[in-house]
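Analysis of the macromolecular model
The residues making up each chain are set out below.
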Amino acid sequence: MTGAEGEAQVQAIGSDEDVVRVRQLVRTVAVAAKLSLVDQTKVVTAASELARNTLVYGGGGQAAVSTVDNGQRRGVRVVFSDSGPGIADLDLALTDGYTSGGGLGLGLSGARRLCDEFELDTAVGAGTTIAVVKWAR
Amino acid sequence: MALKAEQSERLGKLLAERAEKIAKRWAEIAAAPLKGRLTVAESGRQTAELQAQLQKALADGAADLRSAQTTELRAVLTELSRGRARQGFTASETATSIFALKAALYDVVDVEKGGESALRDYVAWSLFIDELGLFTFEAFARAREHIITEQTEQLLELSTPVVKLWDGVVAVPLVGTLDSARAQVVMERLLQALVDTGSPYAIIDITGVPAVDTQVAQHVLKTVMAARLMGAECIISGIRPQIAQTIVTLGIEFGDIATKATLADALRHAIRRGAAAARAANREA
Ligand SMILES: Nc1ncnc2c1ncn2[C@@H]1O[C@H](COP(=O)(O)OP(=O)(O)O)[C@@H](O)[C@H]1O
Ligand SMILES: [Mg+2]
């Protein structure tokens with residue numbers, strides 16, 4: 001990712017209420033970055049998915065939300081991190097419909113489709129970090 | 001720490017002999033930090049009742065709060081905590097009313113002039129009063145928790161009204177975040193409404209849900225399946241354009257479930273389907 005990055009606002013993720021807080025924070029920053037209503041909804045929904053995964057599978061963690069600017073466009077960047085078990089088989093986890101926990105199995109793959117940039121870093125036993133960016137059009 | 005028998009007796013005697021002075025000071029000191037939110041008279045009634053129970057417990061030989069002689073005293077403390085919790089006082093404001101007895105006692109016994117034995121008594125009594133205060137603190141916390149659970153339940157009920165829109169059509173408008181607890185309540189109430197009204201159609205309106213993620217979708221899908229098992233057809237309405245696009249990108253499929261943009265569209269759909277089913281039934285008869 002290139003361009004200037006604003007100060008990140010960090011929200012801890014330790015409960016269902018925190019997932020709601022992450023959504024609200026991402027919405028606020030997306031509005032400030034002048035994302036369209038559709039793009040706001042997409043990034044907020046992606047954040048909801050990733051925050052819930054951080055909580056449920058990562059055993060809790062945090063989301064750091066910031067605005068980004070590449071000279072032409074502004075956008076929202078959210079970095080989710082946990083020190084949970086990590087993801088052993090990434091291809092499998094990113095397969096539509098795969099779930100290890102009785103979900104719909106569309107959160108990870110769906111969040112990737114909903115955002116413009118998606119970087120996933122994971123190590124078994126060490127945790128998972130996912131950074132996403134959604135640019136204003 | 002337990003009071004020695006003679007310390008318990010001496011405190012009981014003091015409470016009896018200097019009852020009026022202690023009651024007055026206790027009420028004043030207890031009411032001060034409550035800043036007029038509780039009148040001196042009301043605070044006085046409470047401390048007077050506590051004083052009476054305390055005196056009785058000590059006369060019966062209570063050594064600490066675990067003693068059987070303090071059953072009534074504990075009940076009064078619990079009642080006070082509950083009342084204060086409902087009135088919106090804080091835990092420390094509540095416990096302070098109990099700790100105020102220490103200051104009131106200090107005013108009536110001349111600890112300095114009484115020498116070492118008076119001091120020893122005063123310290124032992126203080127520890128006993130601390131015990132009363134802590135008990136109040138715990139009772140307060142339990143009462144708060146109870147109130148919060150009650151309010152949460154009330155909120156859950158309030159925010160999920162199931163309404164009968166038309167003959168044979170019930171609807172539930174979802175507003176806010178649909179977490180698992182609320183989703184469960186919605187499903188139960190909708191299924192119950194289907195039974196109560198014998199309706200073949202149910203509309204789930206999601207106009208008020210700000211973000212439809214896979215968890216919300218899964219809850220809605222489960223509700224639709226459960227309604228189907230009971231012979232009812234569900235229609236999902238209130239899918240705004242931005243939500244529709246997001247759902248599609250996420251990859252959520254509502255399959256053969258009818259979805260409509262507005263509640264009115266959904267109602268029209270249900271009425272038409274109902275009429276068609278009635279005509280078909282007539283032809284067969
Ligand atoms: N932060 C994470 N830590 C460990 N495993 C994860 C994490 N996020 C996702 N996963 C794994 O990836 C799978 C797919 O995730 P997702 O697509 O969101 O589906 P769902 O949440 O419905 O299970 C999960 O079931 C889980 O096994
Ligand atoms: Mg998920």
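So, here's what we can say about the structure. (Residues numbered from 1 in each chain as written. Chains lettered and ligands numbered in written order. Predicted model: local features only at pLDDT ≥ 70, side-chain atom pairs only at ≥ 80, totals over all residues. Heavy atoms only, no water.)

What follows concerns the pattern of salt bridges. In this structure the tally under the stated criterion is 23 salt bridges over all chains. Across the pair Lys102 of chain B and Asp130 of chain B runs a salt bridge, and its minimum N-O distance is 2.6 Å. Linking Lys102 of chain B in helix 5 (residues 91-108) with Asp130 of chain B in helix 6 (residues 111-158), this pair joins segments that are 28 residues apart in sequence. Using a relative accessible area of 21% as the deciding quantity, one classes Lys102 of chain B as partly exposed. Of the residues examined, Asp130 of chain B reaches a relative accessible area of 24% and is grouped as partly exposed. Salt bridges here are not isolated pairs; linked through shared partners, they connect Asp39, Asp116, Lys134 and Arg137 of chain A. (Salt bridge = Lys/Arg side-chain N within 4 Å of Asp/Glu carboxyl O. Helix = DSSP H or I, 4+ residues; strand = E, 2+ residues; numbered from the N terminus. Buried < 20%, exposed > 50% of the residue type's maximum accessible area, 1.4 Å probe, protein only.)

In this section: empty space enclosed by the protein. Residue and element names in this part refer to chain B. Scanning all chains against the criterion turns up 2 cavities of 30 Å³ or more. Looking at the largest cavity, its volume works out to about 50 Å³. What lines the largest cavity is Leu174, Leu178, Ala183, Val186, Met187, Ile204, His219, Val220 and Thr223. Taken together, the residues of the lining of the largest cavity break down into 7 nonpolar, 2 polar and no charged. In this structure, the second largest cavity spans a volume of roughly 40 Å³. (1 Å grid on protein atoms, 1.4 Å probe; cavity = no way out; pocket = protein on both sides within 12 Å on 5 of 7 lines; lining within 4 Å. Points joined across faces, edges and corners; volume = space filled by probe spheres on them. Nonpolar A, V, L, I, M, F, W, Y, C, P; charged D, E, K, R; others polar.)

Below, the discussion takes up the nonpolar core. In this structure, Phe80 of chain A together with Ile204 of chain B are the most contacted members of the largest nonpolar core, which totals 67 residues. Of all hydrophobic cores here, the second largest spans 30 residues; its members include Leu54, Val111, Tyr122 and Phe135 of chain B. (Core = buried A, V, L, I, M, F, W, Y, C linked by side-chain atoms within 4.5 Å.)

With 17 residues of chain B at the contact, the number on the chain A side is 21 residues. Contact between chain B and chain A buries roughly 1,700 Å² in total, counting both sides, with carbon and sulfur atoms accounting for 59%. By the criterion of area lost to chain A, the three top residues of chain B are Gln242, Thr249 and Leu250 of chain B, representing 30% of everything that side buries. Linking chain B to chain A there are 1 salt bridge. (Contact = heavy atoms within 4.5 Å. Buried area = accessible area lost by both parts, 1.4 Å probe.)

With that settled, consider the packing of helix 7 (residues 180-197) of chain B against helix 8 (residues 214-229) of chain B. Residues and elements named next belong to chain B. Between helix 7 and helix 8, whose axes approach to 10 Å, the crossing angle comes to 20°. Classified by the angle between their axes, helix 7 and helix 8 sit roughly parallel to one another. At the point where helix 7 passes helix 8, the crossing takes the right-handed sense. Contacts between helix 7 and helix 8 pair Ser180, Ala183, Met187, Leu190, Leu191 and Leu194 from the former with Gln215, His219, Lys222, Thr223, Ala226 and Ala227 from the latter. Among the residues forming the contact of helix 7 with helix 8, the class breakdown is 7 nonpolar, 4 polar and 1 charged. (Axes fitted to C-alpha atoms, helices over the stretch in contact; angles between N-to-C directions. Parallel < 35°, antiparallel > 145°, perpendicular 65-115°, else oblique. Left-handed = near helix turned anticlockwise from the far one by under 90°.)

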